[in-house]
Amino acid sequence: MDRSIHLVVIQFKPRKGDYASNVVRLAGIFSQIDSLDPRPDIAVFAETALTGYFVEGGIRDVAMTAGAFARDLQAQYASAVTTPRTLDVCIGFYEEWNNAFYNSALYVTLGGDKPVISHVHRKLFLPTYGLFDEERFVDRGFEVRAFDTQWGRAAMLICEDAWHSLTGTVAALDGATMVFVVAASPARGVWPREDEGPVPANLKRWERLARDIAEEHGVFVALVNLVGTEGGKTFSGGSIICGPHGDVRARAPLWDEAILTISLDPQDLTRARSDVPLLTDLQTMMPHLMRTVDRIQAGERLVLSYDDAPTEGGPLTPANRGAGGARGDRAGATPRPAKRSKKGADTDDASRNGSEPIAVVRAPESRSGPPPLEIDPELTSGWLVSFLREEFERRGFKKAVVGLSGGVDSAVTAYLSAKALGKENVIAVRMPYRTSNPDSLAHAQLVVDDLGVESRTIDISPAVDGYLSGETDADPGRRGNVMARERMIVLFDQSAKYHALPVGTGNKTERLLGYFTWHADDSPPINPLGDLFKTQVWVLARFLGVPDLIVSKPASADLIAGQTDEGDFGISYAEADKILNWLVSGYSPASLEARGFDPDMVELVRKRLAGTHWKRKLPTVALLSGTGIGESYLRPVDY
């Protein structure tokens, strides 16, 4: 008799905050699942699968009781599946329970007369660091428990729950043979890794976590991650199924929706636990470990005990539990030196004559540092193409307008946009001023010809000169700002003309150094390059096939004759990127100088970084109420 467990993982891309339209899509998915052979027993979705994760204050709009959620799932299942077969569903959602909101996971059986809820797990560990502020919006759960299903015993963990090894241990000790880890983890890290392929750095960490839970406890682990983007944060997918030996049995694709199906043999659990009985060892030692944890929690100090300094009681009596207490009579005792064994005291190792020194193996100096500046261009390209497609789809646009300057940043943006949307949906707009370098137009034309995109050339000289004719004292800096802002007027007007979305081109180095005109260069609503340093953009440009003439020429804003970026900075991009990478990763200027950086260059970069924070923020608004926009009034839509 086949006792296999047939499992299906659903990488689903929700429209953020739109529960109603997302839940309707489940009917089609349930219909697809019902047609699979073998027909799945369990379908697993990600964390917050039908609402998106970063809904912040919008949680109050999308949270519901587990019962109401189960009934909605049942209604979609009943509309799509006419056979009497049931389906177990594990899915993350925002829950309303006991007058509070939770990030929860539901396990429910659909297809009977009514949905049958087996378990609700409420997320324990709510991240409040980096880009996360979850505990501001939901309450914590406090338990990890296994539960019975029609095929065996399972447990659920939600995202950061799995980063704490104890949660997997608790689940396994409670009898779970399958652990579902539902996650909504934004992808991070584009640097290359040997033998790991082009995947985000944190996704490899997730894989290690899932494999460790599976191998240490002899359980199956299904790690299911969200896909799609929310406010520039891209969920990578790449869901995996791990066997009880810690082996990856199946892997879903990056970035895209997918249905991943697999059959699992429960006998693999028996074989794994027989080969490596770690769970049995843990069950034996758990009472002793729990007593140790109790003492640690109570603040009890360890009292050392060994043969020459015995404590009262036997080997099963804790050192500080004996009559009189070790803290009392022996706490200040000075132990006698251990007796030296005579046997072998003067005997040398048989393989040595006693005169040779033991080899010293000196490890290289090991100090922490920031993430590498090196990037995997294949991964980065795929990531940014996915980001652009998702953002355009969410905002209801099919076309993009890109201000094409003839420089590498705008060229890379045009190439990415063409890959994401198709060349027929990209309009490149050249906006020369009468003093612009003629090479800028020529180099922009190279991109237009290579990509085959539509292009327009709009001379901004009349508009700029018309204003500046009344400002005869304007210095080059003011004149450059006027040009930059006029270009944004043109770009946004062209976007209205073509019903197209403007795409920004500013890189991370420029943004950190404040090397842009406020409410101009950084104005477009989406920007694929804004988290890439300039040196990383050059690497990506070569991968994408941007003409070398553009990649290799000195970078220039081309607002003043003879101007170059590095000339304005007083430092090369290569050196600035290195220093910025350390500074924004939390390292002090003093620590950089200790590592050999030029103190003058570090101070130059630090001053520009510290002095331009205002350019990277929205306008400062006086907060007068409890519903300040962007502070208290937080809703799920990002645009």
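Residues numbered from 1 in each chain as written. Predicted model: local features only at pLDDT ≥ 70, side-chain atom pairs only at ≥ 80, totals over all residues. Heavy atoms only, no water.

### Some thoughts on the packing of aromatic side chains
Taken as a whole, this structure holds 20 aromatic pairs when the rule is applied. Measuring from ring centre to ring centre gives 5.2 Å for tryptophan 518 and tryptophan 614, while their planes differ by 80°; the resulting arrangement is edge-to-face. Of this pair, tryptophan 518 sits in the loop between α14 (508–513) and α15 (534–544) while tryptophan 614 sits in the segment after α20 (599–611); the two residues are 96 residues apart in sequence, bridging distant segments of the chain. On the basis of relative accessible area, tryptophan 518 is assigned to the partly exposed category, the value being 26%. Ring centres 4.9 Å apart and planes at 75° place the aromatic pair tryptophan 582 and tyrosine 587 in the edge-to-face group. Like tyrosine 587, tryptophan 582 is buried. Following the ring pairs from residue to residue traces out a cluster consisting of Tyr53, Phe54, Tyr129, Phe132 and Phe235. The cationic tip of lysine 233 hangs over the ring face of phenylalanine 54; the distance from NZ or CZ to the ring centre is 4.7 Å. The ring of phenylalanine 516 carries lysine 615 above its face, with NZ or CZ at 4.7 Å from the centroid. (Phe/Tyr/Trp six-rings, centres within 6.5 Å; stacked < 30°, edge-to-face > 60°. Helix = DSSP H or I, 4+ residues; strand = E, 2+ residues; numbered from the N terminus. Buried < 20%, exposed > 50% of the residue type's maximum accessible area, 1.4 Å probe, protein only. Lys NZ or Arg CZ within 6 Å of the ring centre and 35° of its normal.)

### Points about the environment of proline 40
One can find proline 40 in the loop between α1 (19–34) and β2 (42–44). Along the backbone, proline 40 and aspartate 88 are 48 residues apart, and their C-alpha atoms lie at a distance of 8.8 Å.

### Description of the sheet that holds strand β15 (residues 399–403)
Here we have four strands laid out as an open sheet, ordered β17-β16-β15-β18, and parallel in their pairing. In this open sheet, the two edge strands, each paired with only one partner strand, are β17 (454–457) and β18 (500–503). Averaged over neighbouring strand pairs, the angle between their axes works out to 25° when direction is ignored. Of the strand pairs in this sheet, β15 and β18 are connected by four bridges, and their pairing is parallel. Its bridge partner being in β18, valine 401 is matched across the sheet by proline 502. Helix α11 (residues 438–451) rests against β16 (426–430) and β17 of the sheet, and its axis sits at about 170° to β16. (Pairing = 2+ DSSP bridges. Axes fitted to C-alpha atoms, helices over the stretch in contact; angles between N-to-C directions. Contact = heavy atoms within 4.5 Å.)

### Re the pairing of β16
Counting buried positions over the five residues of β16 gives five, a clear majority of the element. On β16, burial covers both faces: Val426, Ala428 and Arg430 on one face and Ile427 and Val429 on the other are all buried. Bridge count for β15 against β16 is four bridges, and the pairing is parallel. Following the sheet pairing, valine 401 is matched in β16 by isoleucine 427. Running through helix α10 (residues 408–421), the crossover from β15 to the neighbouring parallel element β16 is right-handed. With four bridges joining them, β16 and β17 adopt parallel strand pairing. Bridged to isoleucine 427 within β17 is glutamate 454. Note on the crossover from β16 through α11 to β17: the handedness is right-handed. (Right-handed = clockwise from strand over helix to strand, strands pointing away.)

### Regarding the side chain of arginine 39
Considering the arrangement of structural elements, one finds arginine 39 in the loop between α1 and β2. Of the residues examined, arginine 39 reaches a relative accessible area of 12% and is grouped as buried. A distance of 2.9 Å separates polar atoms of two side chains, one belonging to arginine 39 and the other to aspartate 34. One polar contact links arginine 39 to tyrosine 77, side chain to side chain, over a distance of 2.6 Å. Excluding residues within four positions of it along the chain, arginine 39 makes contact with His6, Ile33, Asp34, Tyr77, Val81, Arg85, Thr86 and Leu87. (Polar contact = N/O pair within 3.5 Å; in protein donor to acceptor, adjacent residues only side chain to side chain.)

### A few points about the pattern of salt bridges
Per the stated rule, a full pass over the model turns up 28 salt bridges. The residue arginine 271 makes a salt bridge to aspartate 265 at a minimum N-O spacing of 3.2 Å. According to the relative accessible area criterion, arginine 271 is partly exposed, its value standing at 41%. You can call aspartate 265 partly exposed: its relative accessible area is 32%. Notably, a salt bridge pairs glutamate 391 with arginine 395, separated by 2.9 Å at the nearest N-O pair. Here arginine 395 and glutamate 391 lie together in helix α9 (residues 377–395), a separation of four residues that amounts to about one turn. Here the two residues glutamate 391 and arginine 395 agree in accessibility, since each one is buried. What emerges from the salt-bridge pattern is a single network uniting Asp247, Arg249, Asp265, Asp268 and Arg271. (Salt bridge = Lys/Arg side-chain N within 4 Å of Asp/Glu carboxyl O.)

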